There are 2 protein chains.
Amino acid sequence: MKLATYRNGSRDGRLLVVSRDLQRAVDAAAFAPTMQYAIEHWDAVEAGLQGLYAALNAAECPGAFVFEPRQCLSPLPRTHQYVDASAFLNHGHIMEQAYDLNVKKTPGIPVLVQRQSDDFWGPCDDYPLVEADNGDFEGEFAVIVDDTPMASTPEVCAGKIRLVMILNDVSMRAHLFRELQMGFGFINAKPASVFGPVAVTPDELGEGWAADGRIHLDMQVSRNGQWFGQPNGREMDWSFGELLARLALNRNLRAGTILGTGTVSNQAARTVGSACLAEKRALEKIETGESVTPFLKIGDRLRFEVFGADGRSIFGAVDHAFVPFGQQ
Amino acid sequence: MKLATYRNGSRDGRLLVVSRDLQRAVDAAAFAPTMQYAIEHWDAVEAGLQGLYAALNAAECPGAFVFEPRQCLSPLPRTHQYVDASAFLNHGHIMEQAYDLNVKKTPGIPVLVQRQSDDFWGPCDDYPLVEADNGDFEGEFAVIVDDTPMASTPEVCAGKIRLVMILNDVSMRAHLFRELQMGFGFINAKPASVFGPVAVTPDELGEGWAADGRIHLDMQVSRNGQWFGQPNGREMDWSFGELLARLALNRNLRAGTILGTGTVSNQAARTVGSACLAEKRALEKIETGESVTPFLKIGDRLRFEVFGADGRSIFGAVDHAFVPFGQQ
């Protein structure tokens, strides 16, 4: 099942069911007015939403209309918790090899970063850069979970995953290095994240939603229409269940919590490419002593998309341009 | 005006207006069913809520009932953003003097820590400790802000403050030192925060809401009925407006954002006491080489309260006991 949230002037938008081919949509208000409502009442509304989805895919759905990703807010336009992991250790290894980051990780414990969840931007919205010289992107997968009790096991946590998304975790590198040295996490380094237009139930990923609790699909990233990278999610060093269990060690996770994977990164980064500029710049620095790929520029257009085994886009695309602050 | 949220089985509870003396309350549903609704529609609902408050204080309010803090959820039981500052540099100086924390601050830039906001605990709820050997408390002030645009000035940000609260920022010190060294902020170090029962408009603080954008009132902290400390909020090294402006540097803050001050700390800590165990333990270590004050124990009861110039409690008290996980 695929779900999206359309702009309607309210903070939480209105929930849509979207067809598998992303061509058509229908209002889901008969079952759930918003995505937050759907997640909070999942057991009660899932069957109804699945019924709409089946009818929509069979072209037997009254009220269906053409689906337009530009009218989308984030699938969850805001939520009560957003945590981003750095679950591909390969990315950290490359960064630490290129720069003296002084990061003291404890083996076996994943990096998790508490993030703001009050103001996600739509998948195709122009994105304002307050500072135009150090912007970066990070292509990631993310999951939305239902209520998850404190101290749950990885298995219990995995069973609480309701939906999967993709995102661009926009990052400001000048602040990131400074804030990482300070130790208290990211504030100015991480402006609003941008999620893909459609959140999907895990079954939509087919065999891409693998038994090892990872997503075995490529994150396709392009910059200004040029291929940038296509790292695969299978190399994540912890499963989603393991990441969630670490987060839930001594706190409840409430319905709507979003967990991101961190930038997707593969050991074969030199051939499959990267999902962020910093990693590409770090590889350049390691190989030649000099980073040549520039950070984001005003006018840059980015696209993040993931295709299933049938070659079809699963989540739609994050497809957005960077504009000067005040002109968005 | 004083507002609280009563338990009613829903995630967001029901909004109450509470009398100035904290003795009586009345349902606010005619104007705003929940605190989140009130903050999002402040200009439309404030006058109505103030009218209820005036009638309640004059004992002319039909439907008024005895106010019972034990029935309270957090004033905002959940919200979409919670950031905690470390705005009393004196606390950091003491900690850095006692321990080799390797914190690299940039002069002039305040420490801000992104925190989870999906599951605040009620002011008198029993609080479960998953680990019973390294728990700590931090007595703090906090503000709730309305929508605040990206790149707002400190003056604009200060004007967006709608309500003031107190809280106990429960902390797990074993994780805190580890996570601080790692650099990505706090996850296991910071389980759920506990806010005082009543959120108040700034005018309720009288001259305690000072022209320098700080709270000139003592945070009274007791442990098991024994005085622990009463540091004053006036020594905050940044105003609330300055802290909010740094947070809003490159992102919008959406209605309901909570900003905490970090543990209140004074240069005269040896006489006025501290608002957290770690600071007291650090002072002991600096003076004698050994920390003797123990971390939280199961069964410990904490109380945090702030009194106005008239000697009356402004926010009611955080008054809670620590229990073994699974028995709350």
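Residues numbered from 1 in each chain as written. Chains lettered and ligands numbered in written order. Predicted model: local features only at pLDDT ≥ 70, side-chain atom pairs only at ≥ 80, totals over all residues. Heavy atoms only, no water.

Side note on the relation of the copies chain B and chain A
Aligned on chain A, chain B shows an RMSD of 0.0 Å; the corresponding rotation is 180° and the shift along the axis is 0.0 Å. Both copies are brought into coincidence by an operation consistent with a two-fold rotation axis. Both copies contact each other with a shared surface, as 100% of the interface residues of chain B are interface residues in chain A too. (Least-squares fit on C-alpha atoms with pLDDT ≥ 70 in both. Contact = heavy atoms within 4.5 Å.)

Topic: the UniProt feature "domain: Fumarylacetoacetase-like C-terminal" (unreviewed entry) in chain A
Here the UniProt feature "domain: Fumarylacetoacetase-like C-terminal" (unreviewed entry) sits at residues 87–306 of chain A. Within the segment residues 87–306 of chain A, helix and strand shares are 22% and 21% respectively, and the terminal C-alpha atoms sit 19 Å apart. (UniProt positions renumbered as here; feature names shortened; annotations may be inferred. Helix = DSSP H or I, 4+ residues; strand = E, 2+ residues; numbered from the N terminus.)

Considerations on the sheet that holds strand S14 (residues 220–223) of chain B
Residue and element names in this part refer to chain B. In space, the five strands of this open sheet follow the order S7-S18-S17-S14-S15, with mixed pairing throughout. The strands lining the two open edges of the sheet, one partner per strand, are strand S7 (127–129) and strand S15 (226–229). Direction aside, neighbouring strands of the sheet carry axes that sit 30° apart on average. Two elements, S14 and S15, share three bridges in a ladder whose sense is antiparallel. (Pairing = 2+ DSSP bridges. Axes fitted to C-alpha atoms, helices over the stretch in contact; angles between N-to-C directions.)

Thoughts on the environment of Glu155 of chain A
Residue and element names in this part refer to chain A. Summarising the element assignment, Glu155 is placed in helix H4 (residues 154–158). Its relative accessible area of 60% is what places Glu155 among the exposed residues. Sequence separation between Glu155 and Tyr53 is 102 residues; the distance between their C-alpha atoms is 28 Å. (Buried < 20%, exposed > 50% of the residue type's maximum accessible area, 1.4 Å probe, protein only.)

What to know about the interface of chain B and chain A
Interface size is commonly expressed as the accessible area that is lost once the parts come together. Contact with chain B, which involves 56 residues of that partner, is made by 56 residues of chain A. Note on chain B versus chain A: buried area summed over both sides is about 5100 Å², and carbon and sulfur give 53% of it. For chain B, the biggest contributors to the area lost against chain A are Arg11, His80 and Phe184 of chain B; these three give 16% of the whole. Scanning the region where chain B abuts chain A turns up eight salt bridges. With a closest N to O distance of 3.5 Å, Arg11 of chain A and Glu40 of chain B form a salt bridge. Summed over the shared surface of chain B and chain A, the number is 24 residue pairs in polar contact (both at pLDDT 80 or more). For the side of chain B that touches chain A, the elements supplying multiple residues, two or more each, are helix H1 (35–40), strand S6 (112–115), helix H5 (173–182) and helix H6 (240–247) of chain B. (Buried area = accessible area lost by both parts, 1.4 Å probe. Salt bridge = Lys/Arg side-chain N within 4 Å of Asp/Glu carboxyl O. Polar contact = N/O pair within 3.5 Å; in protein donor to acceptor, adjacent residues only side chain to side chain.)

Some details on the UniProt feature "domain: Fumarylacetoacetase N-terminal" (unreviewed entry) in chain A
UniProt's entry tags residues 1–78 of chain A with the feature "domain: Fumarylacetoacetase N-terminal" (unreviewed entry), counted in the numbering of this structure. For residues 1–78 of chain A, the end-to-end C-alpha separation is 21 Å, with 28% helix and 21% strand making up the annotated structure.

Topic: H6 of chain B
Where burial is concerned, most of H6 of chain B is hidden: six out of the eight residues are buried. Taken as a whole, H6 of chain B has its buried residues at Phe240, Gly241, Leu243, Leu244, Ala245 and Leu247 of chain B.

Examining the domain arrangement of chain A
All names here are of chain A. In terms of domain boundaries, chain A breaks down into domain 1 (2–67) and domain 2 (82–324). Placing a centre on the C-alpha atoms of domain 1 and another on those of domain 2 gives a separation of 26 Å. Each side of the interface is counted separately: domain 1 has 16 residues, and domain 2 has 19 residues. Counting the surface lost from both domain 1 and domain 2, the interface buries some 1400 Å², and carbon and sulfur atoms represent 59% of this. Sorting the residues of domain 1 by area buried against domain 2 places Lys2, Ile39 and Trp42 first, and these three jointly supply 41% of that buried surface. In this structure, the connection of domain 1 to domain 2 is made through two salt bridges. Notably, a salt bridge pairs Asp125 with Arg7, separated by 2.8 Å at the nearest N-O pair. Linking domain 1 with domain 2 are six residue pairs in polar contact (both at pLDDT 80 or more), by the criterion used here. Elements supplying a minimum of two residues to the side of domain 1 that touches domain 2: strand S1 (2–6), helix H1 (35–40) and helix H2 (42–57). Per-element accounting of the side of domain 1 that touches domain 2 gives the leading share, four residues, to H1. (Domains from an automatic or database assignment.)

A word on the packing of helix H3 (residues 89–98) of chain A against helix H8 (residues 277–288) of chain A
All names here are of chain A. Running from N to C, H3 and H8 point in directions that differ by 45°, and their axes come no closer than 9 Å. Overall, the two elements H3 and H8 adopt an arrangement that is oblique. Once H3 is placed against H8, the crossing between them reads as left-handed. For the pair H3 and H8, the contacting residues are His91, Ile94, Met95, Gln97 and Ala98 in the first and Ala278, Glu279, Ala282, Leu283, Lys285 and Ile286 in the second. (Parallel < 35°, antiparallel > 145°, perpendicular 65-115°, else oblique. Left-handed = near helix turned anticlockwise from the far one by under 90°.)

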